[in-house]
Structures are given as C-alpha cells and as structure tokens.
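Topology and contacts: notes
Residue-level listing of the chains:
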Amino acid sequence: MEKMTEVYILGGFLGSGKTTLLKEIIQQENEAGRKAAILLNELGSVSVESAALGADVPFKELLGGCICCTIQDKLEVQIHSLLSEHELDAIYIETTGAAHPVEVLDSIMSPLFAKRLNYRGIITVVDLLRFKDRNELSPQLRQLLVEQVQHADFILLNKQDLVSDLEAGQLVYSIQAINPEAISLLTTQAKISLSSLQKMKMNQKNVHSQLNVHSHLHLQAIVHTFKKAMDQTSFEEWLRALPATVYRMKGYVSFTNSEQPYLFQYSYGMPIYMNELIKMPLNLVIIGEKLNEKEIRSQLTALEEK
Ligand SMILES: Nc1nc2c(ncn2[C@@H]2O[C@H](COP(=O)(O)OP(=O)(O)OP(=O)(O)O)[C@@H](O)[C@H]2O)c(=O)[nH]1
C-alpha cells in the first residue's frame, strides 16, 4: 500500500504567527526524520512569505526542495506533483485568511489521489491581542476572525506574552465558547509540539465518545472506492436523502445502464455528470460536516450490492 500523507490546513489572521508556526513545525518534522512540504496559498504575498520563512532558517533546506508557491486553483496540480515527486509524511497548506476551508479542502481532495491523503484538520492561529481588541475591527474582519475560530480543529492562542494571565484566561474562555470541540492551546512564538498536532483527530474522537455522538463535528473528507457499477436511480435516491451538511462531492462513478464511467460533481445539492472516456479508479470524495462516515460507507456499499 502506498504511503498516506497527512494534510493540514493552516489559517489565521494576517500577522497572527502562521509563518512562525510553520518554521517551528518544519524544524520538528526534520528532527523527527519526517519529510514535510509547505504549500503557500497566499495571493500576492508569496515572496514576502518565503523571505520571512528564510530569514533565519533556510527555507529550501528545511523543506528538502519542496517549496511551492501557489494560488488556489493550482493547489490540486501542486499537490499532485508533490505526491508524485516525493514520499511525503505531511503537507502543510497555508491559506489566505479569506479562503473558505470548504473551498480549500475541495481543491486538495482530487479523486485521483485522495486515497493517498489523510486529511487531519484545520489549524488556526489566533493573535490574542487582536482577538482581545476585536471590537475595534470592521464587522467583516471581526466575522472572519470568528469564522476562523469556528472552523478550526486545533487553535493556537498565540502571543500570550502580549496579554496578562487574567486576560489570557478570559480569551481562552471566549474562544472555547465559540468552538468547544477544538483543542485550544496558549502559545508564545507559536511554540507547540508536533505530537500534540498529530493527535488532534484522536482527541476529537474522545470528545465524541464522551458525548456519545457518532459523527464528526468538523469539516471532513471521506473517500470511498466503488468496486462496481450501481443502479443510477438508486444512487440518485441516495443523493436526494443526503443531509445539507454534505457540501461537495466529486469522483468517478459507474452505472449499470452505461458502459462508460462518469465524472460526477455535486455542489450544494446539485449533481452534474460528465462522460469519462478513460477508465478511472472509482473514487468518490465527500466533503461535509457532521457526517456519519460509517453510515455513508454502508449506504454506498449497499448501492453496489443492489
Ligand atoms: N510578541 C509576540 N510576537 C510574535 C509571537 N508570534 C509571532 N510573533 C511576531 O508576529 C509577527 C508576525 O508573525 P508571522 O509568523 O510572520 O505571522 P503570519 O501569520 O505568518 O503573518 P502574515 O503572513 O503576514 O499573515 C512577527 O514579527 C513575529 O515575530 C508571539 O507569540 N509574541
């Protein structure tokens, strides 16, 4: 079996400490003998980012040559080439503050290689000082700050040195009120241990079992591989019954009434089929929230058995 590459999406406000965190992570990845790559998905400020990363730590050396500066629509291509050129343990994708995580996950998880990716979640870096003074921001920026916290699986409450202990306590409380499921950690200079990041999905499972909830609470990507063709009518009945928290699907599907497989896309309830001339692996990527993975898998398997 091919090696699975962990994928982390890294977000946070301008100047919150994302580059500082990346340096920290890459150093620890190197020390652990793991190979990691960074994708900077920053429009316009690519050179600034690279320069910042390279200021005291040589960026190229750190990354073993895997530097990719990209914009969002090229993400899929970049990941594909990274995966074909390197045996990677992890890919960290730094996003622009404004990029919606669903869009980012959607551009990462191509049905062609999604099976090789182990999507681990969203890390959000929060500048505590900025968060404390968030009422001074415009309503749009304040909303963005709150949304970044809401979508996170792991939150670094960074720049602890700039607030008092009492303020830090209050800010932890407010941030956890916005997102109680995420792991949140107070940091200075984005100092965290790699192992705490790697545990993030595991920890969430603990939360779920305590609450006795069998679905994930955050953005997920499920990859299902069909073994054979299905009945199209039954597949469409399944689509209609899906919860609204399935945001995107894409992949290759094959129906019993047609020789050719289809490239299938689904976005907010709208399915689109396109004829696919080449025989592709029948991988279907499902992106959504609060999905019951076990149930979805067994429904898809049942569709094939029909
Ligand atoms: N006082 C203080 N400064 C910090 C801390 N973490 C990062 N900084 C500083 O904050 C500034 C911004 O940090 P970066 O890591 O470049 O932040 P970023 O999110 O990558 O910034 P953009 O790429 O502009 O969005 C730098 O000058 C850092 O040295 C911290 O914990 N405390």
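All of these numbers come straight from a predicted model, not from anything done at the bench. The numbering scheme is per chain: residues are counted from 1 as the chain's sequence reads. Restriction of local features to residues with pLDDT of at least 70 applies here, the model being predicted, together with a cutoff of 80 or more for giving and counting side-chain atom pairs; totals for whole chains, interfaces and linings are based on all residues.

1. Some thoughts on the overall build of the protein chain
- In terms of helices and strands, the protein chain carries twelve helices and twelve strands.
- We call a residue exposed when 12 or fewer other C-beta atoms sit within 10 Å of its C-beta, buried when the count reaches 20 or more, and partly exposed for counts in between; the C-beta positions come from the backbone. For the protein chain, buried positions account for 36% of its 306 residues.
- Residues are defined as contacting one another if the C-beta atoms placed from their backbone atoms lie within 7 Å. Sequence separation of at least 24 residues holds for 79% of the intrachain contacts in the protein chain that already meet a minimum separation of 6. Working definition: helices are DSSP H or I runs of at least four residues, strands are E runs of at least two. Numbering for both runs from the N terminus.

2. So, the UniProt feature "domain: CobW C-terminal" (unreviewed entry) in the protein chain
- The residues that UniProt annotates with the feature "domain: CobW C-terminal" (unreviewed entry) are residues 219–304.
- Annotation note: span residues 219–304, helix share 24%, strand share 37%, distance between end C-alpha atoms 26 Å. UniProt positions are given in the numbering used here, feature names are shortened, and annotations may be inferred rather than shown by experiment.

3. Concerning the domain arrangement of the protein chain
- Domain assignment breaks the protein chain into domain 1 (5–211) and domain 2 (220–305).
- Facing the eight residues of domain 1 at the interface are twelve residues of domain 2.
- Of all the elements, helix α5 (residues 101–108) adds the most residues to the side of domain 1 that touches domain 2, at three residues. Boundaries between domains were set according to an automatic or database domain assignment.

4. Details of the site of the ligand
- Any residue whose C-beta atom, as set from the backbone, lies within 6 Å of a molecule or strand is reported as near that molecule or strand. Taken together, 17 residues form the shell around the ligand, and within it G17, K18, T19, T20 and K159 come nearest.
- When contributions to the shell around the ligand are tallied by element, the ones reaching two or more residues are α1 (18–31) and α2 (46–54).
- Sort the elements by how many residues they give to the shell around the ligand and α1 lands first, with three residues.
- For the shell around the ligand, a count of residues per class yields four nonpolar, nine polar and four charged. Each residue is assigned to one class: nonpolar for Ala, Val, Leu, Ile, Met, Phe, Trp, Tyr, Cys and Pro, charged for Asp, Glu, Lys and Arg, and polar for all the others, Gly among them.

5. Thoughts on unusual backbone geometry
- With phi around 50°, Q189 is a residue other than glycine that occupies positive phi space.
- Accessibility expressed as a C-beta count within 10 Å gives 14 for Q189, which makes it partly exposed.
- If you check the backbone angles, A190 has positive phi at about 50° while not being a glycine.
- Counting through the fold element by element, A190 comes out in the loop between β7 (183–186) and α9 (194–198).
- Assessed through the 22 C-beta atoms surrounding it within 10 Å, A190 is described here as buried.

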